[in-house]
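# Fold and geometry: a report
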Protein chains: 2
Amino acid sequence: MALTNRSPRGVFVPALTPFTADLAVDRARFLAHCAWLLEQGANGLAVFGTTSEANSLSNNERMQLLDHLIHHGIAANVLMPGTGCCALPDTVALTRHAMEHGAFGVLLLPPFYYKNVSDDGVFAAIAEVVQRVADSRLRIYLYHIPAMAGVGFSLPVIERLLKAFPGVVVGIKDSSGDWNNTAAMLKAFPGFEVFPGSETYLLDALRLGGTGCISATANINVAATRRLIDGWTSPTADDLQAQLTAVRAAIQKYPLVSANKAILAQAHAEPGWNVVRPPLGALSAEATAELMRALAALQFSLPSTSQQAMAPA
Amino acid sequence: MALTNRSPRGVFVPALTPFTADLAVDRARFLAHCAWLLEQGANGLAVFGTTSEANSLSNNERMQLLDHLIHHGIAANVLMPGTGCCALPDTVALTRHAMEHGAFGVLLLPPFYYKNVSDDGVFAAIAEVVQRVADSRLRIYLYHIPAMAGVGFSLPVIERLLKAFPGVVVGIKDSSGDWNNTAAMLKAFPGFEVFPGSETYLLDALRLGGTGCISATANINVAATRRLIDGWTSPTADDLQAQLTAVRAAIQKYPLVSANKAILAQAHAEPGWNVVRPPLGALSAEATAELMRALAALQFSLPSTSQQAMAPA
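Residues numbered from 1 in each chain as written. Chains lettered and ligands numbered in written order. Predicted model: local features only at pLDDT ≥ 70, side-chain atom pairs only at ≥ 80, totals over all residues. Heavy atoms only, no water.

## Overview of the sheet that holds strand S2 (residues 44-45) of chain A
Residues and elements named next belong to chain A. Formally: When DSSP finds two or more bridges between a pair of strands, those strands are recorded as paired. Comment: elements are numbered from the N terminus, with helices defined as DSSP H or I runs of at least four residues and strands as E runs of at least two. Working rule for contacts: check all heavy atoms of both residues, and any pair within 4.5 Å makes them a contact. Angles here are taken between N-to-C directions and fall from 0 to 180 degrees, while the axes themselves are lines fitted to C-alpha atoms, restricted in helices to the stretch in contact.
Pairing in this open sheet of three strands is parallel, and the strands run S2-S1-S7 from one edge to the other. The open sheet has two edge strands, S2 and strand S7 (212-214), and neither has a second partner. Packed onto the sheet, helix H9 (residues 218-230) meets strand S1 (10-13) and S7 and runs at close to 170 degrees relative to S1.

## Thoughts on the packing of helix H3 (residues 88-100) of chain A against helix H4 (residues 119-133) of chain A
Helix packing for two helices is described by the angle between their axes and how far apart those axes are. Residue and element names in this part refer to chain A. In plain terms, the rule: Should an angle fall under 35 degrees it is called roughly parallel, over 145 degrees roughly antiparallel, and 65 to 115 degrees roughly perpendicular, with every other angle called oblique. Here is the rule for handedness: rotate from the far helix to the near one, and if that takes an anticlockwise turn smaller than a right angle the crossing is left-handed, while a clockwise turn gives right-handed. All amino acids are sorted into three groups, where Ala, Val, Leu, Ile, Met, Phe, Trp, Tyr, Cys and Pro are nonpolar, Asp, Glu, Lys and Arg are charged, and the leftover types, Gly among them, are polar.
The N-to-C vectors of H3 and H4 enclose an angle of 50 degrees; their axes lie 10 Å apart at closest approach. In terms of axis orientation, H3 runs oblique to H4. In this structure, H3 crosses over H4, and the sense of that crossing is right-handed. Of H4, the residues touching H3 (which contributes Leu88, Thr91, Val92, Thr95 and Arg96) are Ala125, Glu128, Val129, Arg132 and Val133. Per-class residue counts for the contact of H3 with H4 are five nonpolar, two polar and three charged.

## A word on the pairing of strand S6 (residues 193-196) of chain A
Within a regular strand, the side chains alternate between the two sheet faces. Residue and element names in this part refer to chain A. Formally: Working definition: with a 1.4 Å probe on protein chains only, accessible area under 20% of the residue-type maximum means buried, over 50% means exposed, and in between means partly exposed. Here the term right-handed applies to a crossover when the path leading from its first strand over the helix to its second strand runs clockwise, the strands being oriented away from the viewer.
Side chains of S6 alternate between two faces, with Glu193 and Phe195 and Val194 and Pro196 buried alike. One ladder, built from four bridges, connects strand S5 (residues 169-174) with S6; its direction is parallel. Looking across to S6, one finds that lysine 173 is bridged to phenylalanine 195. Regarding the hand of the β-α-β motif, the stretch spanning S5, helix H7 (residues 179-188) and S6 is right-handed.

## Details of the relation of the copies chain A and chain B
The relation between the two copies of this chain is a rotation about an axis and a shift parallel to it. So the rule is basically this: Superposing copies: least-squares fit, C-alpha atoms only, residues required to have pLDDT of at least 70 in both.
For the pair chain A and chain B, the best superposition has an RMSD of 0.0 Å and corresponds to a rotation of 180 degrees with a translation of 0.0 Å parallel to the axis. The symmetry that links the two subunits is that of a two-fold axis. Of the residues that chain A buries at the interface, 100% are likewise interface residues in chain B, meaning the two copies contact each other through the same surface.

## Observations regarding the packing of helix H11 (residues 256-267) of chain A against helix H12 (residues 285-297) of chain A
Residues and elements named next belong to chain A. Packing of H11 against H12 brings their axes to within 10 Å, and their N-to-C directions diverge by 75 degrees. Classified by the interaxial angle, the pair formed by H11 and H12 is roughly perpendicular. Packed against H11, whose contacting residues are Ala259, Ala262, Ile263 and Gln266, the element H12 presents Thr288, Leu291, Met292 and Leu295 at the interface. In the contact of H11 with H12, the residues fall into six nonpolar, two polar and no charged.

## Focus: the nonpolar core
Convention followed: Take the buried Ala, Val, Leu, Ile, Met, Phe, Trp, Tyr and Cys residues and link them wherever side-chain atoms come within 4.5 Å; each set so joined is a nonpolar core.
With 218 residues, the main nonpolar core has Val47 and Ile140 of chain A together with Val47, Tyr113 and Ile140 of chain B as its most contacted residues. Non-local contacts of isoleucine 140 of chain A, meaning those with residues more than four positions away in its chain, are made with Val106, Leu108, Ile126, Val130, Val168, Val169, Val170 and Gly171 of chain A.

## Remarks on the interface of chain A and chain B
Often, the extent of an interface is quoted as the loss of accessible area upon association of its parts. Our working rule: Computed with a 1.4 Å rolling probe, the buried area is the accessible surface lost when two parts are put together, summed over both parts. By salt bridge we mean one thing: a side-chain nitrogen of Lys or Arg within 4 Å of a carboxyl oxygen of Asp or Glu. Pairs of N or O atoms are called polar contacts if they sit within 3.5 Å, as long as, within protein, a hydrogen donor faces a hydrogen acceptor (for residues adjacent in sequence, only side-chain-to-side-chain pairs).
Tallying the contact residues gives 37 residues for chain A and 37 residues for chain B. Where chain A abuts chain B, roughly 2,900 Å² becomes buried across the two surfaces, and 66% of that area is made up of carbon and sulfur atoms. Of all residues in chain A, Tyr113, Tyr114 and Pro279 of chain A bury the most surface against chain B, accounting for 29% of the area lost on that side. Counting every contact that joins chain A to chain B gives zero salt bridges. Taken together, chain A and chain B are joined by twelve residue pairs in polar contact (both at pLDDT 80 or more).

## Section: helix H2 (residues 59-71) of chain A
Spelled out, the test is: Each residue after the first adds 1.5 Å to the expected span of a helix.
Taking 1.5 Å of rise per residue, 13 residues should cover 18 Å, and H2 of chain A covers 18 Å from first to last C-alpha, within 8% of that figure. Considering only its buried residues, H2 of chain A is in contact with helix H1 (27-39) and H3 of chain A together with helix H3 (88-100) of chain B. With its phi angle positive at about 100 degrees, glycine 73 of chain A sits one or two positions after the end of H2 of chain A.

## Some points on unusual backbone geometry
Put simply, proline 278 of chain A and proline 279 of chain A share a cis peptide bond, and its omega is 20 degrees. Inspection of the secondary structure puts proline 279 of chain A in the loop between H11 and H12. Even without being a glycine, glutamate 53 of chain B presents a positive backbone phi close to 55 degrees. Tracing the backbone shows glutamate 53 of chain B in the loop between strand S2 (44-45) and helix H2 (59-71). Positive phi values are uncommon outside glycine, yet alanine 269 of chain B reaches one of about 55 degrees. Residue position: alanine 269 of chain B is located in the loop between helix H11 (256-267) and helix H12 (285-297).

## A short note on the packing of aromatic side chains
For clarity, the cut-off: Each Phe, Tyr or Trp ring, with Trp reduced to its six-membered ring, pairs with another whose centre is within 6.5 Å; inter-plane angles below 30 degrees give stacked pairs, above 60 give edge-to-face pairs, and intermediate values give tilted ones. For a ring to carry a charge above it, either NZ of a lysine or CZ of an arginine must fall within 6 Å of the ring centroid while also lying within 35 degrees of the normal to the ring plane.
Enumeration over the complete set of coordinates arrives at 21 aromatic pairs over all chains. Their ring planes at 50 degrees and their centres at 6.0 Å tell us that phenylalanine 112 of chain A and phenylalanine 112 of chain B sit as a pair that is tilted. Of the two residues, phenylalanine 112 of chain A is situated in the loop between strand S3 (106-108) and H4 and phenylalanine 112 of chain B in the loop between strand S3 (106-108) and helix H4 (119-133); the pairing between them involves two chains. Both residues of the pair, phenylalanine 112 of chain A and phenylalanine 112 of chain B, belong to the buried class. Of the aromatic side chains, those joined through ring pairs into one cluster are Phe112, Tyr113 and Tyr114 of chain A together with Phe112, Tyr113 and Tyr114 of chain B. A cation sits over an aromatic face here: arginine 160 of chain A above phenylalanine 123 of chain A, 4.2 Å from the ring centre.

## What to know about the pattern of salt bridges
All names here are of chain A. Evaluated as defined, the whole model comprises 24 salt bridges over all chains. One salt bridge connects glutamate 193 with arginine 9, and the closest N-O pair in it is separated by 2.8 Å. You can see glutamate 193 sitting in strand S6 and its partner arginine 9 sitting in the segment before S1, a full 184 residues away along the chain. Each member of the pair, glutamate 193 as well as arginine 9, is classed as buried. Several salt bridges share partner residues, and in doing so they unite Asp26, Arg29 and Glu270 into one network.

## A look at H7 of chain A
Those residues of H7 of chain A that fall on the buried side of the exposure criterion are Asn181, Thr182, Ala183, Met185 and Leu186 of chain A. The N-cap residue of H7 of chain A is aspartate 178 of chain A: its side-chain oxygen and the backbone nitrogen of asparagine 180 of chain A are 2.9 Å apart.

Okay, here's the thing in structure tokens:
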């Protein structure tokens, strides 16, 4: 469990996945969005997270998108793709694919269909992935989002995993929304790379040894998030945090995926961004207008998309 | 919404999926189990349900298992495979595969990763499947199991689906465990084929126009379940129901999948049946012994596996 000498990782963005009108993946727009996020300051991309509608993508769609990014110049070692599925063979296939392509690590949901499973069951599920992938490059970031997955990683399970797989299970995204849980992880496991699932807790986490954040709203506010990470010891840190928190609060009044997409659609004048796969639904025009007014009141505006990012080589 | 002149369907068994020691699907044992269930009186097989650990299987594993059954003489038209996944392309692929192979129908979970989704979102998810599969043979049985899936089918959604897709959306498995919900469906949608998800509610459902049941414990008690369906108007019906209910109650004190597997392992002297995929765990030896004693006290014994069923052509 002894931790590495790595410095804070920064902000990893669970990049939104755009779709065409007929619900196909829009690879070109996805690539442009990922390039733009990096250009805006993202330290990495946690592609295929909850915000990415990853669980609405087939495995082939995920693998093809990852290939597409790398083929078009996105550095593999900034990518932390989500690879946790309900079925062990799927999780193993996606994880192996990611590591073989040089990904920084994987963000791993526990199998999430069966509920009320035991800690032994969650441990066994992760252990099987580690053993079956059998790749010394494997780095696992656990994905704890119990309100969505219905299954999470308890502190005792994390402790067992750290003991069983040191240097392999290296971190967690804590999307519990419960700061006490994040703080407990930071205190219990020194050096374990804890990313709060919301920038609301970013400064608090950094001050306790946190490594950054992985947040839905970094899709539209990554530059400011990065500024806080770079300047978290500066006198302005609390002000930067307050701004981030206010923007996040305005957005999370709405369903996060649809709201983030609506903001991109508006700010980039690309209505295609509004398309989501069922069971999600696009934000209504009324709610979108209300949200944009709230953001404007916070002096928030989205940096424009550069030509370079829009048309990658 | 006018309903067919079909008679009650009977008992469909969500057949358990056996695994080898290294967690591979044991196709031979699965085939033998399915053949045995039909021999014991199952009217159909709802393969790839929750009890089947279907969500722990890859899509390829499901399709290969279905092919294997049909190739080895299980009639396709008694099969109601579970085909509902989180991702639309997966659900469409499995559903199309099932109908192309002549399945009786499919048992369709709503997409179950995203929680707190709207009725519009659930409706849209099913509508997309119907439109994309585009097969006149398609018959959908909705799979309502909110405690596990975290997403369910409300009565208003069912009503919309019946109006939009008459003759396509034809029934439901109600695993809410809430008799009031089952009764409400039976009363609201005459002719809609409602299968309670437990034989505990079988007789009550049949008396309100229910069409049978789809129950985990039918894996080990299908013959008695069938006797009640065949004799539900007879004077002995309430006694038959009481016996079924008692056996079910004894088993559902334990995790259902593991408990059913433990019973088969014991009764058939096939310890391999105890293997489950994580995150589920096998029933302990102690719990198994306790369960077997409880069943013995109820005069319950499992019919032995016939040589014929064990070694299908």
